[in-house]
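Residue-level structural notes
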Amino acid sequence: MKGIVFTEFLEMVESHYGLETVDSIIENSDLPSGGAYTSVGTYDFNEMVSLITALSGETNLPADKLLYSFGLYLFGGLVKTHPEVVSSYRNPIGLLQSIEDHIHIHVRKLYPDAELPEFKILSKTDSSLEMIYRSTRGLYALAHGLIDKTFEHFGKKVNVEYKLLNENGTEVKFTIIQNG
């Protein structure tokens, strides 16, 4: 997993829960890296699982809720780091529709070894989108947060529903309807 995800995650933890919580979850996790991340490094996905598990224990919040919150937070970090990617879109549906054909191509140029989820578009209108999320990591709650923040970024309201197609969350159908 790319280091930018780890650095953004720890920034979110610090901003929401404080530096003491960051220190605590790093200390209470089995991290081969020791919790020292760079945005351009690559780290074992299990380190993220350990950090989220430790944060869940610290906050008494379910991991999915924390991942959703991280998705909301991560969107801002990605826009700050790569504003050109989002600025070329006029609406959230257009941006989400282009994840595979534009955004992930851009990400792969920057991070050739990145393991990215797959998004397959099932249907699209001017105000709705149905897509399948696939990832061996099952971080659909993170994707849900990113989707919601995409609409907020464009000043639009949205209703997002999802259906787990696999119990472990590695395949999820998202139904996204823009309101207004």
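Look up a bit, the structure's there.
Anyway, here's the lowdown on the structure attached to this text. (Residues numbered from 1 in each chain as written. Predicted model: local features only at pLDDT ≥ 70, side-chain atom pairs only at ≥ 80, totals over all residues. Heavy atoms only, no water.)

Quick word on the sheet that holds strand 2 (residues 128-134)
Hydrogen bonds along the backbone pair up the strands of a sheet, which may run parallel or antiparallel. Spatial ordering of the open sheet is given by 1-2-4-3, a layout of four strands whose pairing is antiparallel. Every interior strand has two partners, whereas the edge strands, strand 1 (118-124) and strand 3 (157-164), have only one. Strand-to-strand twist of the sheet, defined as the mean angle between neighbouring strand axes without regard to direction, takes the value 20 degrees. Both strand 2 and strand 4 (residues 171-179) contribute to a ladder of seven bridges, which runs antiparallel. Bridge pairing in strand 4 places glutamate 130 opposite threonine 175. (Pairing = 2+ DSSP bridges. Helix = DSSP H or I, 4+ residues; strand = E, 2+ residues; numbered from the N terminus. Axes fitted to C-alpha atoms, helices over the stretch in contact; angles between N-to-C directions.)

Notes on the environment of valine 79
The residue valine 79 is located in helix 4 (residues 63-81) in this model. The spatial distance from the C-alpha of valine 79 to the C-alpha of histidine 153 is 9.7 Å, given a sequence separation of 74 residues. Excluding residues within four positions of it along the chain, valine 79 makes contact with Val86 and His153. (Contact = heavy atoms within 4.5 Å.)

Re the packing of aromatic side chains
For the structure on display, the rule yields seven aromatic pairs. Summarising the aromatic geometry, the rings of phenylalanine 6 and tyrosine 43 are spaced 5.5 Å apart at their centres and angled 70 degrees between planes, so their arrangement reads as edge-to-face. With phenylalanine 6 in helix 1 (residues 3-17) and tyrosine 43 in the loop between helix 2 (19-27) and helix 3 (45-59), this residue pair connects regions lying 37 residues apart in the sequence. Taking the relative accessible area as the measure of exposure, phenylalanine 6 reaches 0% and is therefore buried. (Phe/Tyr/Trp six-rings, centres within 6.5 Å; stacked < 30°, edge-to-face > 60°. Buried < 20%, exposed > 50% of the residue type's maximum accessible area, 1.4 Å probe, protein only.)

Looking at a negative patch on the surface
Where like charges cluster on the molecular surface, the negative patch consists of Glu11, Glu14, Glu20, Asp23 and Glu27. Put simply, the parts of the chain that give the negative patch at least two residues each are helix 1 and helix 2. Looking at the negative patch element by element, the count peaks at three residues for helix 2. (Patch = residues over 30% accessible without salt bridge, like charges linked within 9 Å, V, L, I, M, F, W, Y side chains within 5 Å. Areas by Shrake-Rupley, 256 points an atom, 1.4 Å probe, with all protein chains shown as cover. Salt bridge = Lys/Arg side-chain N within 4 Å of Asp/Glu carboxyl O. Lys, Arg positive; Asp, Glu negative; His and termini not counted. Charge placed at Lys NZ, Arg CZ, Asp CG, Glu CD.)

Some thoughts on the nonpolar core
By size, the foremost hydrophobic cluster in this structure holds 52 residues, and its most contacted members are Phe9, Phe174 and Ile176. With seven residues, helix 1 is the largest single contributor of residues to this core. (Core = buried A, V, L, I, M, F, W, Y, C linked by side-chain atoms within 4.5 Å.)

Topic: the packing of helix 1 against helix 3
Relative orientation of the contacting elements helix 1 and helix 3 amounts to 10 degrees, with a least axis distance of 11 Å. When the axes of helix 1 and helix 3 are compared, the pair comes out roughly parallel. Mapping the contact onto sequence places Val5, Phe6, Phe9, Leu10, Met12, Val13 and Tyr17 in helix 1 and Glu47, Met48, Leu51, Ile52, Leu55 and Thr59 in helix 3. Grouping the amino acids of the contact of helix 1 with helix 3 by side-chain chemistry returns 11 nonpolar, one polar and one charged. (Parallel < 35°, antiparallel > 145°, perpendicular 65-115°, else oblique. Nonpolar A, V, L, I, M, F, W, Y, C, P; charged D, E, K, R; others polar.)

These figures capture arrangement, not role.
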